[in-house]
Amino acid sequence: MGESENSYAIQMQGVTKRFPGVVANQAVDLSVERGHVHALLGENGAGKSTLMNVLAGLYQQDEGQICIFGEPVNIQSPKDAIELGIGMVHQHFMLVESLTVAENVILGLYPTGLVINERKVKQELRDLADSYHLNVDLDAYIWQLSVGEQQRVEILKLLYRGAKILILDEPTAVLTPQESDQLIDILHKMASEGKTIIFITHKLHEVMDFSDRVSVLRDGEMIDTRVTSQTTKNELAKLMVGREVLFNFQERAHERGDVVLKVENLKALSDKGLPALKGVSLEVRAGEIVAVAGVAGNGQRELAEAITGLRRVQDGRIWIRGVDITKKNPWQVIKAGLSFIPGDRIGRGLVPNLPISDNLVMKVYRKPPISNGPFIDYQRVEGFSERLVDAFNIITPSVKTNARLLSGGNQQKVVLAREIDASSGALVAVNPSRGLDIGATEAVRKTLLEQRDQGAAILLISGELEEVMQLADRIFVIYEGEFMGELDREEAAVEEIGLMMAGEKRERRTDEISQSSGGQ
Amino acid sequence: MNIVLERRLEKARWAVVIVPIASFLLALVFGAVLLLAFGINPLQAYRVMVSGSLGDQYALTETLVKAIPLILTGLAVAIAFRMLFWNIGAEGQLAMGGIGASYVALFLSDSLPDPLTIPVMILMGMLAGALWALIPALLKAYLEVNEILTTLMMNYIAILLVEYLYLGPWRDPEGYGFPGSAPFPQEALLPRLWGRVHLGIIFAVLAAFIIWLIMNRSQWGYEIRLIGENPRAAKYAGIDAKRNMVLVMLLSGALSGLAGMAEVSGIARRLYQGLTVGYGFTAIIVAWMANLNPLGVVFVGAFMGALTVGGDQLQVAMGIPAAVSLVLQGAILFFVLGGWVFINYRIRILRSGKQKQAGELNE
C-alpha cells in the first residue's frame, strides 16, 4: 500500500558506514525515483559499492535510515533485501558453472526434497526473459556462456526472485561495446516496465548513455544528484574528481625508431593447459605504443607472461633489440632490459606487506650501488626510493610505509616508477589504469606517453577501449588467442574494434592489400 | 551489543611491549587458580620456579643448557617459516645431526688429528641435518609434496634410527647393557665454559647474529622476504623460488644438525636416548613467540629454557606431578601466543543497526 503513496523506490538518509581507519560513507543521502535508471558515479574508493552493499544487505550501516517504497526498513541480510525486492548483480558473478541457466536461477529457491515442476518453471522463465529481451538459452551450462550472457542470467535470476530494484555494479566492465549496447536495451526495457535500476560506474559516457539521473559520490560523501539530460560529461567529471580533467592528450608528433620488441608466431598454453595463444606476431618500435585490445580472457595474460618469461613458450620466438629471449627465465628477461607492469599489481606487481622502498628496489637490488657484494646497502635503498617517490609524485608518509597502505593510484605509481627506472626502453604494460580513478589514470597515461616520447617501445595490453584509443599508435585486436587484425589509430573506429573484439576477423585490410598489390 | 575484532592498519608499537607482558601476567593468574585447585600455594610454586631456573649458578647454567638447542632449532624453524616453508622436522634434523657427529666421534676420531675432531663433527652434524632437510625440500620444490607431512614423518624415522643405533650396532659393549653408545673420546667433547654450559652457547648466539645479518642485510634475505610475503611477486622479480626453498632448507637443517651435534658432544658425550626430547617441536613455539625474528629467538629460547628447568624444579622441590608443571607451561604459551592477536587487531564494541535506530527514535 506504501507503494502507491510514494514515488521514491529508495530513500537513504544520513547513511554512514565505517571500516577500520576509513569512513566509506559519510552521512549519505540518496533518493531514487521508481522506474528510473539511476547512475551512481564516483572514483574508485568513493564509496559507491559500499553504499549499494548496504542496500543489498551485505553490510549494515552504522548510522542512518533507509526507506524502500516509502517504508522505513532494516536490512540485516541479503535475504531481507531480496524480500524487499532489492537485488544486486555483483562484479563477480555468483553462478555455478557446472549447472544450467535454469538450474542456476532456481537454485536455493525451493526447499530440498520438493519436486520442482521444471516445465512450469522454465515456461515462466522463458516468458520473463522474452519480456525483458534477456536472450539466453535456459538449458545451456554456465561455462558455455559468454560473460555478457552470464550477466543476463544474473539479471534473470533477480527478476525471477521478484526484484523490483536492481543494482548493477560496474556492469559494462567485462562487456564488448556490442554487449554493452544490448545491456542498455535491457535496462531501458526493465525501467519502462516499472523496475528501478541503479548502476555503479566510473565511466562518464555510460552515465550519459544509460541513465535518467546521476548521483556523484566523492570520498564517501554525496556531492550532488543531477538530471542526466541537463548535465555534461565535463561537469560530471569535475564533480567526481573535484577539479578540471583533461580528456584529450596532446597530439603526437614523434619519430619511430628501430624495432625493439619483436614477437613471432608465439604460442602458449593457459593455466588449464589449453591453447591460449595460437601463434601471434607483432613488432614494437622505439617511440611507439602498440596496443593489444580485447575482452579479458582472450590470451592477453598469457601473451604478457610469455614475453616476460613467466610462462612457458610452446612455439615461436621473442627478441629484444635483436637478442633472442625466447624461453629465458624472468631474471634473464629483466637483464635484457624488458620491464613489465603486470595487470595484477597487488598479486604480482607489489609485495603489499613490505615497505615501499623494498618494493621499489625489486628490479635493481642485485646491482651496485644498491648492493655491495652479497649485501644490500639499505641507506642507498632509502635514497634511491626517495628519489623515485619524488620523481613520480608518489604520495606516501614515508618510504618505509607498507605498500598495502597506499591508494590504488599510488600503488600503481610505485610499480610504474620501478619499471620505468629499471627499463632500458622496452615496456610491457597490462591494464595499467585498471581500477584507478580519473586523476590517477590521467597520471599513469601521461607517464606512458612521456616514456614513448623519450623513445621507449611500449606494448600496451588493455581491455579498456578508451585507453587504447587514447594511447596507442597501432592497435592489434586479440580474440581467442589470435589477432583479428591490425589497425592504425588514425583509421580505427570503435565500432570496428568492437566487432573484432567479438571475433570478427578484419577482412578489409587484407582486401586492401590484395587490391593494392593487384594494382601494382 | 556486538563485539568485533578489527584489524589495525599498522602494528601498534605500544602493544608490542605491553601485550606480551600482560599476557604473561594473565597466564600466571590462570596458573595460580590451577595450582590453588590442586591445593598448592601458587606464590610458593612460582618462587620455586624462578629460583629453580634463575636463582643460583646451577639453575642459571641449566637454563642456558636447555636454551642452546632451543635457540638453534628455533632459528632453523624461523628461517624456513619466513619463506612459508612449514618445516616441523627440526627434531628429526637434530637427531640426524647427532648421528652424524656421533659417527665421527665413535669411528673417525682415531684417524683424525685431535684438533680436527670437533670441526669435522660440526661439519658432519650440519651436513647430516641439511641432507635430512633436503629430502622434503626437493619433494616440495619439484613435486609439490606437502612439506608439513614429509618433515613431520621424517622426524620419526630419524628418532627411531637413533634408537636403533644406540640399542643395536653402536651400543657400548662395555655399557653393562645400558642403552647408549660408548662415551666419546676426550678430543670429541665440546669444551664446557660454565657448569654444563658448553661452547654450543657461542654457536647459538653467533648463529642468531648471522641469520639476522642474512635476513635483514643480504640480497638472499631480501629474496626470502619477498618469497615469503608474495611468491608471485618474487617470481616476477626474477627470483627462483624453488632454488631458494632448497637453499633455505639446507641452512635450516644444518642449524638443527648443529643443535644435535652440540647435544651429543657437549652434554651427553655419547649418542643416547635423551637426544630427542622434543627441542625441535618446542622450537616451533620459540620461533612464533619470537615473531620469526632471529634475535628474538635468542631471548625466547632462553625464556623457554628457564620455563623447562623451573617446571622440573617444581616437581623435584614440591612434589607436584609432572603434568601440572606442563599444564602451567602450556598456559603461559597459550596466553602469550594468544595475546599476539591484540598487536594486529583491536576490539571494537558495536551497537547493532537495530538498536541504533531505536535509540534515535527515542531521542
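Residues numbered from 1 in each chain as written. Chains lettered and ligands numbered in written order. Predicted model: local features only at pLDDT ≥ 70, side-chain atom pairs only at ≥ 80, totals over all residues.

Focus on the interface of chain A and chain B
- Facing 28 residues of chain A, the contacting portion of chain B comprises 22 residues.
- Those elements that provide at least two residues to the side of chain A that touches chain B are strand S4 (63-68), helix H11 (330-335), helix H12 (345-349) and strand S18 (375-376) of chain A.
- Considering only residue class, the side of chain A that touches chain B consists of 15 nonpolar, nine polar and four charged. (Contact = placed C-beta atoms within 7 Å. Helix = DSSP H or I, 4+ residues; strand = E, 2+ residues; numbered from the N terminus. Nonpolar A, V, L, I, M, F, W, Y, C, P; charged D, E, K, R; others polar.)

A look at the pairing of strand S10 (residues 221-227) of chain A
- In this structure, strand S9 (residues 213-218) of chain A lies alongside S10(A), joined through six bridges in antiparallel fashion. Opposite Val214(A), over in S10(A), you have Arg226(A) as the bridge partner. (Pairing = 2+ DSSP bridges.)

Points about the domain arrangement of chain A
Residue and element names in this part refer to chain A.
- When cut into domains, chain A gives domain 1 (2-241) and domain 2 (259-349 + 424-519).
- The C-alpha centroid of domain 2 is placed 34 Å from the C-alpha centroid of domain 1.
- Ranked by residues supplied to the side of domain 1 that touches domain 2, first place goes to helix H9 (residues 233-241) with three residues.
- Here the residues of the side of domain 1 that touches domain 2 sort into five nonpolar, five polar and one charged. (Domains from an automatic or database assignment.)

Examining the confidence of the model for chain A
- Confidence in the prediction for chain A averages 85 pLDDT; 92% of positions are at 70 or higher.
- Considering only residues more than four positions removed or in separate chains, one finds that residues 509-520 of chain A, a stretch of pLDDT under 50, has one contact. (pLDDT = per-residue confidence, 0-100.)

Some points on unusual backbone geometry
- The peptide bond linking Pro368(A) to Pro369(A) adopts the cis configuration, its omega dihedral lying at 5°.
- Structurally, the position occupied by Pro369(A) is in the loop between helix H13 (356-360) and strand S17 (371-372).
- Here the phi dihedral of Arg269(B) falls at roughly 60°; this positive angle occurs in a residue that is not glycine.
- Counting through the fold element by element, Arg269(B) comes out in the loop between helix H10 (241-268) and helix H11 (279-289).

Things to note about the sheet that holds strand S12 (residues 275-285) of chain A
Residues and elements named next belong to chain A.
- Read across the open sheet, the four strands follow the order S12-S11-S14-S15; overall the sheet is antiparallel. Only two strands of the sheet have a single neighbouring strand rather than two, namely S12 and strand S15 (323-324).
- Bridge count for strand S11 (residues 259-269) against strand S14 (residues 315-320) is five bridges, and the pairing is antiparallel. Paired with valine 263 across the two strands is isoleucine 318, which belongs to S14.

Remarks on the packing of helix H7 (residues 200-217) of chain B against H10(B)
Residues and elements named next belong to chain B.
- Running from N to C, H7 and H10 cross one another at 165°; their axes reach a closest spacing of 10 Å. Between H7 and H10, the angle is such that the two are roughly antiparallel. In terms of crossing hand, the pair formed by H7 and H10 is left-handed. Touching Gly200, Phe203 and Ala207 of H7 are Leu255, Leu258, Ala262 and Gly266, all from H10.
- Its residues assigned to classes, the contact of H7 with H10 shows five nonpolar, two polar and no charged. (Axes fitted to C-alpha atoms, helices over the stretch in contact; angles between N-to-C directions. Parallel < 35°, antiparallel > 145°, perpendicular 65-115°, else oblique. Left-handed = near helix turned anticlockwise from the far one by under 90°.)

With respect to the domain arrangement of chain B
All names here are of chain B.
- For chain B, the assigned domains are domain 1 (7-40 + 320-344) and domain 2 (49-318).
- The centre of domain 1, based on its C-alpha atoms, is set 26 Å off from the matching centre of domain 2.
- If you look at the interface, domain 1 gives eleven residues, while domain 2 gives eight residues.
- Here the side of domain 1 that touches domain 2 is composed, by residue class, of nine nonpolar, two polar and no charged.

Considerations on the confidence of the model for chain B
Residues and elements named next belong to chain B.
- Summing up the model confidence of chain B, the mean pLDDT is 88 and the portion of residues at 70 or higher is 92%.
- Here helix H15 (residues 353-362) stands out as the least confident element of chain B, with mean pLDDT 37; helix H4 (residues 90-108) is the most confident, with 97.
- Per-residue pLDDT stays below 50 along residues 352-363; that stretch engages in nine contacts with residues further than four places along the chain or on separate chains.

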